[in-house]
Amino acid sequence: MEIPDEFLVDADSFYVGIDRLQYLSCRSCSRFTPFLVYLPPNDGNQHVVFGLQKDQLLFCPGCVPRRQHLLQMYPLLGESVLCDNALLAALQGFEYSNPFYRKYARMARTLVTVETRLDGELPADSFCLAVDARFELVRRLFGGVHTLENWKYSGLQEIGTVLAAKAAEIRQFYGENQLMKSPVRVEACPVVEEIWEEGEMEPLVDVGSSQEGSETLNATLQPYIAVDKRFNLTVLSSKSPYSCGICLLTEKDVLRFGEFIEKQQKKDIFRCHYFCLLTGTYIVQNGRETSGVLGFLVNDIYSSFKRYRQNKCCYCGQLSAAVVCVEPGCERSFHYICGVKNNCLTQFSGPNPSYCHEHAPNDHPECHSENQTCWICCEEIGPYNPVASFCSVCPPEHETGKTEIGWYHRMCVQKFAFQAGYYFKCPNCFEMNEFTEYARMHGIFVPMRDASWEREKYAFKDIHLSKCSAEGCKVSGKKSKQLVGCKACGGATMHMTCAGVDDPSEYVCPDCMDATFIKLF
């Protein structure tokens with residue numbers, strides 16, 4: 001479907017139309033880009049990866065899994081262009097949020113796959129070029145076989161079919177892929193051990209709902225975890241064999257049970273699921289933020305054992321059920337993990353009260369139909385479940401006075417909260433404060449930390465380039481600390497002389513000098 005001219009916009013405002021996923025876009029960050037990376041289905045990669053089915057692995061260059069994870073998914077990959085960090089970095093910077101953004105809307109997509117080979121080499125000075133010049137330079141590195149028209153599709157199923165066909169065409173074009181003939185030996189992935197700061201809780205495991213899915217390989221989009229020695233804690237991989245010191249279970253899933261954290265003591269080591277620590281009915285928090293395990297003194301944790309170690313879980317029958325339903329008269333005790341699996345609900349606010357499956361509060365204004373789709377992943381939610389189905393009611397619209405009810409998978413909202421952090425808001429109306437508190441009261445843990453895209457290691461490295469980005473730099477060959485960044489985007493650093501300004505706060509780069517940014521400043 002051709003995009004009518006009246007639909008096109010000059011400003012890249014965030015588009016909230018329900019048809020946004022009917023265009024080719026990154027399945028991780030939902031942004032649009034002229035350069036898309038597609039990972040074709042792989043029989044050895046059957047599990048769900050970061051909430052995406054194996055045939056939906058479509059990414060912008062900035063969200064491509066790292067080399068070590070690509071090799072885990074495709075052990076015979078060899079030296080694919082997808083392992084070239086410099087190339088992936090050169091393909092970044094063209095992402096946008098509105099499918100009707102005039103600058104790129106009608107432009108064909110360049111689809112990159114594991115078989116892709118470049119027509120030439122990427123110049124070393126490509127990062128010093130203006131965005132438009134770099135765009136043309138990197139696009140010429142790909143042959144015509146990679147071109148895919150940017151149409152509006154009927155849905156994700158059609159997009160998947162088109163992507164698979166184009167990937168097959170690319171594979172056939174390059175013939176017998178020599179890259180796949182040189183297997184790279186992949187050593188066993190070591191246990192991830194990083195110092196963990198409170199709030200630095202990024203999903204490290206798959207987002208599948210089944211136990212089998214949670215025990216598979218770590219998610220491909222494993223992020224960098226910032227080191228903060230104040231807390232003196234380590235975060236262990238989902239593949240670590242240790243059991244939780246609170247629930248005594250070994251199952252791990254960051255999205256559902258929280259990070260699996262470790263505290264070194266003088267005589268022993270304490271390990272637990274973060275959510276088991278938060279929700280333990282008899283575990284009190286008497287310390288400061290940096291004391292013990294994020295404010296929970298280890299002695300207090302050990303002292304709580306005598307209150308619940310003999311409690312049997314009402315769901316699995318095992319001991320050490322640390323969570324007790326807060327409903328008056330209810331005597332059910334359960335493990336937090338078992339509670340998640342049996343439609344129990346924890347409100348992540350105040351003392352973090354938990355409810356069993358029978359007493360979980362339900363204030364949904366209505367039930368959804370069985371063919372209701374999630375507004376985040378666009379897949380069917382399935383039969384109505386007051387806990388697994390997350391319902392939000394947006395404020396009345398000014399024009400019509402009508403309220404809109406949004407339906408989501410609970411795990412989709414939880415993943416969104418983990419990624420967005422401080423920027424968590426309603427996916428429909430973008431209200432932040434009330435929606436955040438509403439989500440917490442309905443079982444969503446919202447970490448107080450920066451968004452995942454801002455915590456990535458070297459995420460802002462391009463902003464701090466030591467080279468002047470001006471063409472024909474007037475201070476060429478001279479080292480200078482007088483580089484200033486654009487006050488709008490922070491990038492495109494220049495010498496003040498080259499930028500033609502006397503005050504650093506007045507510099508706006510050429511890419512930001514459009515009507516949108518002029519209004520802002």
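No experiment lies behind these values; they were computed from the predicted model shown.

Quick look at the overall build of the protein chain
Part 1: Summing up its helical and strand segments, the protein chain has 15 helices and 16 strands in all.
Part 2: Taken over 521 residues, the protein chain has a buried fraction of 49%.
Part 3: For the protein chain, contacts bridging at least 24 residues in sequence account for 64% of all contacts bridging at least 6.
Part 4: Accessible surface, the protein chain as shown: approximately 25700 Å² in total, 51% of it carbon and sulfur.

Here's the deal with the pairing of strand β3 (residues 109-112)
A regular strand places its side chains so that they alternate between the two faces of the sheet.
Part 1: Residue alternation in β3 divides its side chains into two sets, R109 and L111 and T110 and V112, and both sets are buried.
Part 2: Where strand β1 (residues 35-38) meets β3, 3 bridges bridge the pair, whose relative direction is parallel. By the bridge assignment for β3, F35 is matched with T110.
Part 3: The pairing of β3 with strand β4 (residues 147-148) spans 2 bridges and is antiparallel. Bridge pairing in β4 places R109 opposite L148.

Section: the confidence of the model for the protein chain
Part 1: On average, residues of the protein chain carry a pLDDT of 77, and 76% of them reach 70 or more.
Part 2: For the stretch residues 45-51, pLDDT sits under 50, and the model shows 24 contacts to residues farther than four places along the chain or on other chains.
Part 3: Contacts from residues 178-228, a stretch scored under 50 in pLDDT, to residues over four places away or in other chains number 152 contacts.

Considerations on the pattern of salt bridges
Part 1: The final tally for this structure, using the stated rule, is 13 salt bridges.
Part 2: Across the pair E251 and K341 runs a salt bridge whose closest N-O atoms are separated by 2.6 Å. With E251 in the loop between β6 (234-235) and α7 (254-257) and K341 in helix α10 (residues 336-341), this pair connects stretches of sequence that are 90 residues apart.
Part 3: On the basis of relative accessible area, E251 is assigned to the buried category, the value being 7%.
Part 4: A residue is classified by how much of its surface remains accessible, and K341, at 38% relative accessible area, is partly exposed.

Things to note about the environment of T116
Part 1: When you line up the elements, T116 lands in the loop between β3 and α4 (131-139).
Part 2: In the structure, T116 is positioned 35 residues away from V81 in sequence and 6.6 Å away in space, judged by C-alpha atoms.
Part 3: Other than its neighbours up to four places away in sequence, T116 contacts V81, L111, F142, H146, I170 and Y174.
Part 4: A distance of 2.9 Å separates a polar side-chain atom of T116 from the backbone nitrogen of T113.

Focus: the sheet that holds β3
Part 1: An order of β2-β1-β3-β4 is seen for the 4 strands of this open sheet, with the pairing classed as mixed. The sheet is open, and its two edges are formed by β2 (58-59) and β4, each paired on a single side.

Considerations on the packing of aromatic side chains
Part 1: Tallied over the full model, the rule gives 29 aromatic pairs.
Part 2: On the basis of an interplanar angle of 80° and a centroid distance of 6.0 Å, the ring pair of F270 and Y302 is categorised as edge-to-face. On the criterion of sequence distance, the pair formed by F270 in strand β8 (residues 269-273) and Y302 in helix α9 (residues 298-308) is long-range, its members being 32 residues apart.
Part 3: The buried category is assigned to F270, whose relative accessible area is 3%.
Part 4: Ring centres 5.2 Å apart and planes at 45° place the aromatic pair F275 and F348 in the tilted group. Placement of F275 in helix α8 (residues 274-279) and of F348 in the loop between β11 (345-346) and β12 (354-355) is noted, with a sequence separation of 73 residues between them. Assigned by exposure class, F275 and F348 land together as buried.
Part 5: Here a set of aromatic residues connected by ring pairs shows up, and it is made of F32, F35, F94, Y96, Y101, Y104 and F135.
Part 6: The ring centre of F260 lies 4.7 Å from the NZ or CZ of K252, which sits over that ring.

Description of the nonpolar core
Part 1: By size, the foremost hydrophobic cluster in this structure holds 41 residues, and its most contacted members are I246, F275, L277, V293 and I301.
Part 2: Elements with a minimum of two residues in this core: α7, β7 (260-264), β8, α8, α9 and α10.
Part 3: When neighbours within four sequence positions are excluded, L277 is seen to be in contact with I246, C272, I283, V293, F296 and I301.
Part 4: Core analysis: the next-biggest nonpolar cluster, separate from the first, contains 38 residues, C26, C60, Y74 and V131 among them.

Remarks on unusual backbone geometry
Peptide bonds are, in most cases, trans, and in most cases residues other than glycine have a negative phi.
Part 1: Residues other than glycine seldom take positive phi values, yet N352 does so here, at roughly 55°.
Part 2: By the secondary structure assignment, N352 is in the loop between β11 and β12.
Part 3: Under the relative-accessibility criterion, N352 is labelled buried at 13%.
Part 4: Non-glycine residue F430 carries a positive phi angle of around 70°.
Part 5: Inspection of the secondary structure puts F430 in the loop between α11 (410-420) and α12 (433-441).
Part 6: Residue class for F430 comes out partly exposed when judged on its relative accessible area of 31%.

Quick look at the side chain of H335
Part 1: Relative to the elements of secondary structure, H335 occurs in the loop between β10 (333-334) and α10.
Part 2: One polar contact links the side chain of H335 to the main-chain carbonyl oxygen of S320, over a distance of 3.4 Å.
Part 3: H335 has contacts with C247, L249, C313, C316, Q318, L319, S320 and A321, leaving out every residue within four places of it along the chain.

Things to note about the side chain of K252
Part 1: Within the secondary structure, K252 is located in the loop between β6 and α7.
Part 2: The class of K252 is buried, set by a relative accessible area of 3%.
Part 3: Polar side-chain contacts of K252 include one of 2.8 Å to the backbone oxygen of S240.
Part 4: A polar atom in the side chain of K252 sits 2.6 Å from the backbone oxygen of T250.

Thresholds, definitions, all that
Residues numbered from 1 in each chain as written. Predicted model: local features only at pLDDT ≥ 70, side-chain atom pairs only at ≥ 80, totals over all residues. Heavy atoms only, no water. Helix = DSSP H or I, 4+ residues; strand = E, 2+ residues; numbered from the N terminus. Buried < 20%, exposed > 50% of the residue type's maximum accessible area, 1.4 Å probe, protein only. Contact = heavy atoms within 4.5 Å. Areas by Shrake-Rupley, 256 points an atom, 1.4 Å probe, with all protein chains shown as cover. Pairing = 2+ DSSP bridges. pLDDT = per-residue confidence, 0-100. Salt bridge = Lys/Arg side-chain N within 4 Å of Asp/Glu carboxyl O. Polar contact = N/O pair within 3.5 Å; in protein donor to acceptor, adjacent residues only side chain to side chain. Phe/Tyr/Trp six-rings, centres within 6.5 Å; stacked < 30°, edge-to-face > 60°. Lys NZ or Arg CZ within 6 Å of the ring centre and 35° of its normal. Core = buried A, V, L, I, M, F, W, Y, C linked by side-chain atoms within 4.5 Å.

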